[in-house]
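# Overview (structure and organization)
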Amino acid sequence: MGDRFPGRVASLLFAPRRALAAIDKRGGGVRDAAVLVLIGAVILRFSDLARTVRQLARTSGAEGLMQVLTVVSQELREGAIVAVAAGLGVTLFAGRGRRDPSLDIELGAACYVPFFALRFVYRLVRMIVGPLPIAVEYLSFGVATAATVAMFALAMSVAFRRPGPELVAPVGGSAEKRAASVGQRAWGGALALVLVAVLVTFTFPRRAGGAPAPGFQLRGPDGAGQIDLGQLRGRVVLLDFWATWCLPCLQMLPMLHELYGDWRPRGVEFIGINSDGPGAVDQVREFLAKRPVPYPVVVDDRDVGGLYGVRVLPSLFVIGRDGTVKARFVGTTSRSDLEDALARASD
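Residues numbered from 1 in each chain as written. Predicted model: local features only at pLDDT ≥ 70, side-chain atom pairs only at ≥ 80, totals over all residues. Heavy atoms only, no water.

## Structural notes on the overall build of the chain
Applied cut-off: Strands here are runs of E lasting at least two residues and helices are runs of H or I lasting at least four, both read from the DSSP assignment and numbered beginning at the N terminus. Exposed residues in this analysis have more than 50% of their type's maximum accessible area, buried residues have under 20%, and partly exposed residues fall in between, with area computed by a 1.4 Å probe over protein chains only. By the convention used here, residues are in contact when the closest approach between their heavy atoms is within 4.5 Å. All accessible areas in this document rest on Shrake-Rupley with a 1.4 Å probe, and a residue is counted as covered only by the protein chains that are shown.
A count of helical and extended segments in the chain gives 13 helices and seven strands. By the burial criterion, 49% of the 347 residues in the chain qualify as buried. Nonlocal contacts in the chain, meaning residues at least 24 apart in sequence, comprise 76% of its contacts between residues at least 6 apart. Here the chain displays about 16700 Å² of accessible surface, and carbon together with sulfur accounts for 64% of that area.

Here it is as structure tokens:
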């Protein structure tokens, strides 16, 4: 369907076997997945990027760049997970003599295309019409995952068609062709390392603690119900920095609701700190009307997130009775990890 980017993406969606065979020969899967990530960041995170650009004038160059990279990295996380998992799967199961990690990661990155396309449609609709029922969220994610698994199966079939060790021809061809092949593989390998770094940095929870928790006074999206962290001194507090557009945040909400019901009788307070921004108050209010949260939710004015060093959502902080941060979790976090942190802070 063409050698340009739109044609390559269309081929992966409508003629995937042929497109994957072409990627297995020439590469390009990582490149196209990276372009899709940038498209998603610009279109679906435009308001966040615009707000970040406006803040650049009030922040240092390094901090401003970090804020921009945070928005892009949040969009990149899903692509990194899909590409790395699928690429490693191809490498593991392709068989001796057929493994080629630099091409395997290209095929793995191509598996992100149907995932992105289906999730892009859902997120675009959600951006236009507002919050959707959680069942629609799970359905969208499930369908996108199923399409990705199907693409991975096709990628495996392409890898199985590579010539085995007994059929590999001696290295030949012009020096230019060999140099181009080495350059392509080096490029794919470098991008694969970037994807792995993002996966490790932004997917697995990180813990840190010991510093005094910065105080704050924030109100709910309706302008009432001010929360003063200083007045909760002597209690264990869990802070959840989240946003309505953050899929991992939404996936954790049901677990946090149950956790709150279990720990509230023990004197533990939960506070949800929404990070959509002051300009999204109406959207947050509409979201909470459709999906009520049992604990107080306040709207961050961006200053509190900065005080806590929040760069990735979700970010959760467990604050002890003495007002110090006992644990910090970045990214999707398990219930057992949170309960362990709450138990230690409550002792």
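## Details of the nonpolar core
Put simply, the test is: Here, the term nonpolar core denotes a set of buried Ala, Val, Leu, Ile, Met, Phe, Trp, Tyr and Cys residues that are joined through side-chain atoms within 4.5 Å.
Among the nonpolar cores identified, the biggest contains 50 residues, and Phe216, Leu239 and Tyr308 are the most heavily contacted of them. Listed by contribution, the elements that provide at least two residues to this core are strand E3 (236–242), helix H10 (247–263), strand E4 (268–274), helix H11 (281–290), strand E5 (297–299), strand E6 (315–319), strand E7 (325–330) and helix H13 (335–346). Here this core gets nine residues from one element, more than from any other, and that element is H10. Excluding residues that lie within four positions of it along the chain, Tyr308 makes contacts with Ala213, Pro214, Phe216, Leu229, Leu239, Phe241, Phe317, Ile319 and Arg328. Core analysis: the next-biggest nonpolar cluster, separate from the first, contains 33 residues, Leu20, Ala33, Leu44 and Ala159 among them.

## Brief notes about the pattern of salt bridges
Let me state the cut-off plainly: Salt bridges are counted wherever a side-chain nitrogen of Lys or Arg sits within 4 Å of a carboxyl oxygen of Asp or Glu.
If you walk through the whole model with that rule in mind, you get 11 salt bridges. Asp32 is paired through a salt bridge with Arg8; the nearest N and O atoms lie 2.8 Å apart. One end of the pair, Asp32, is in helix H3 (residues 29–44); the other, Arg8, is in helix H1 (residues 5–14), with 24 residues separating them in the sequence. When the shortest N-O distance is used, the salt bridge between Lys326 and Asp322 registers 3.2 Å. Overall, the relative accessible area of 37% leaves Asp322 in the partly exposed class. A single network of salt bridges, built from pairs that share partners, joins Glu258, Asp262, Arg335 and Glu339.

## Description of the confidence of the model for the chain
Selection criterion: Scored from 0 to 100, pLDDT records how confident the predictor is in each individual residue.
Of the residues in the chain, 77% reach a pLDDT of 70 or more, and the chain-wide mean stands at 81. Counting contacts from residues 198–208, a segment whose pLDDT is below 50, to residues more than four positions away or on other chains yields 32 contacts.

## Notes on the sheet that holds E4
Filter applied, for reference: Strand pairing is assigned whenever DSSP detects at least two bridges linking the two strands. Every axis in this analysis is a line fitted to C-alpha atoms, fitted for helices over the stretch in contact. Angles between the N-to-C directions lie between 0 and 180 degrees.
Strand order across the open sheet formed by five strands is E5-E4-E3-E6-E7, with mixed pairing between neighbours. Unpaired on one side and paired on the other, E5 and E7 mark the two borders of the sheet. Averaged over neighbouring strand pairs, the angle between their axes works out to 20 degrees when direction is ignored. Summarising the sheet, E6 and E7 pair through five bridges and their orientation is antiparallel. Each residue of the ladder has a partner; that of Ser315, found in E7, is Val330.

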